[in-house]
Amino acid sequence: MKKPIFKRKWFVALVVIVVLCLIGGCIGGGDETASDQNTTTAEETTTETTTEAVSQEFQNALTKGQTYSDTMAMSKAGIYDQLTSEYGEGFSKEAAKYAIDNIDADWKQNALKKAETYYKDMAMSKSAVYDQLVSEHGEKFTKEQAQYAIDHLE
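Just so we're clear, the structure is a prediction, and the values are computed from it rather than from any experiment.

> Is there a simple way to explain the overall build of the protein in this structure?
Scanning the protein from N- to C-terminus turns up eight helices and zero strands. Each helix and strand of the protein, ordered N terminal to C terminal, gives the series α-α-α-α-α-α-α-α. Evaluated residue by residue, the protein yields a buried proportion of 31% over its 154 residues. Residue pairs at least 24 apart in sequence account for 57% of intrachain contacts in the protein once pairs closer than 6 positions are excluded. Accessible surface for the protein amounts to roughly 9,700 Å². Of this, 53% is attributable to carbon and sulfur atoms.

> I tried to follow helix 4 (residues 76-84) on my own but got confused; where do I start?
An α-helix turns once per 3.6 residues; consequently, residues spaced three or four apart project the same way. Every buried residue of helix 4 is listed here: G78, I79, Q82 and L83. On an axial view of helix 4, the arc spanned by its buried residues comes to 130 degrees, and they lie on one face.

> Looking at this structure, how should I read the packing of helix 4 against helix 5 (residues 93-102)?
For any two helices packed against each other, one specifies the inter-axial angle together with the distance between the axes. It is the contact of helix 4 with helix 5, at a shortest axis distance of 9 Å, that shows an interaxial angle of 150 degrees. Here helix 5 runs roughly antiparallel to helix 4, going by the angle between their axes. Along this stretch, helix 4 crosses helix 5, giving a crossing that reads as right-handed. Of the residues in helix 5, those in contact with K76, I79, Y80, L83 and T84 of helix 4 are K93, A96, K97, A99 and I100.

> Looking at this structure, I do not really get the pattern of salt bridges. What am I missing?
Any two side chains of opposite charge can pair if their charged atoms end up close together. Applying the stated criterion to the full structure yields five salt bridges. As a salt-bridge pair, E89 and K64 come within 3.9 Å of each other at their nearest N and O atoms. Here the residue E89 occupies a position in the loop between helix 4 and helix 5, and K64 occupies one in helix 3 (residues 56-72), the gap between them amounting to 25 residues. The class for K64 is buried, based on a relative accessible area of 18%. With its nearest N and O atoms 3.9 Å apart, the salt bridge here joins E139 to K114. Here the residue E139 occupies a position in the loop between helix 7 (126-134) and helix 8 (143-151), and K114 occupies one in helix 6 (residues 107-121), the gap between them amounting to 25 residues. Assessed through its relative accessible area of 14%, E139 is described here as buried. Here K114 falls in the buried class, since its relative accessible area comes to 14%.

Rules used throughout
- Residues numbered from 1 in each chain as written.
- Predicted model: local features only at pLDDT ≥ 70, side-chain atom pairs only at ≥ 80, totals over all residues.
- Heavy atoms only, no water.
- Helix = DSSP H or I, 4+ residues; strand = E, 2+ residues; numbered from the N terminus.
- Buried < 20%, exposed > 50% of the residue type's maximum accessible area, 1.4 Å probe, protein only.
- Contact = heavy atoms within 4.5 Å.
- Areas by Shrake-Rupley, 256 points an atom, 1.4 Å probe, with all protein chains shown as cover.
- Arc of directions from axis to C-beta.
- Axes fitted to C-alpha atoms, helices over the stretch in contact; angles between N-to-C directions.
- Parallel < 35°, antiparallel > 145°, perpendicular 65-115°, else oblique.
- Left-handed = near helix turned anticlockwise from the far one by under 90°.
- Salt bridge = Lys/Arg side-chain N within 4 Å of Asp/Glu carboxyl O.

In structure tokens:
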């Protein structure tokens, strides 16, 4: 009997590619109005939480990083890599570090959201979900965050 399409390796690879394309297209070149609103929010947050002057690059990295956390439930390491990648956002390591240090996120909840997607939508086993969450080629969550997610899957 043939495997269902969503259990085939090529289908999973295709889904990953589509998600990466969406990240690059939707977040990188989205609606100007939405981008302006996100920038304003990051500027206001930065102004309220720190008295030191923060460069526009750092503010932009924080805005992008917050967007990745809020919309895609990414890990710290995943966001950092996306922000610094020449194929991603291309921010400096310093700007990405600032963003990671200032993102308002519950990383365990992000791991849980990702785990639910893999577990429910992609019909993966809990052990496979855990491996995907901690993989350096996957989501790059910490072992603690991944275990929290597995423990709280319904």
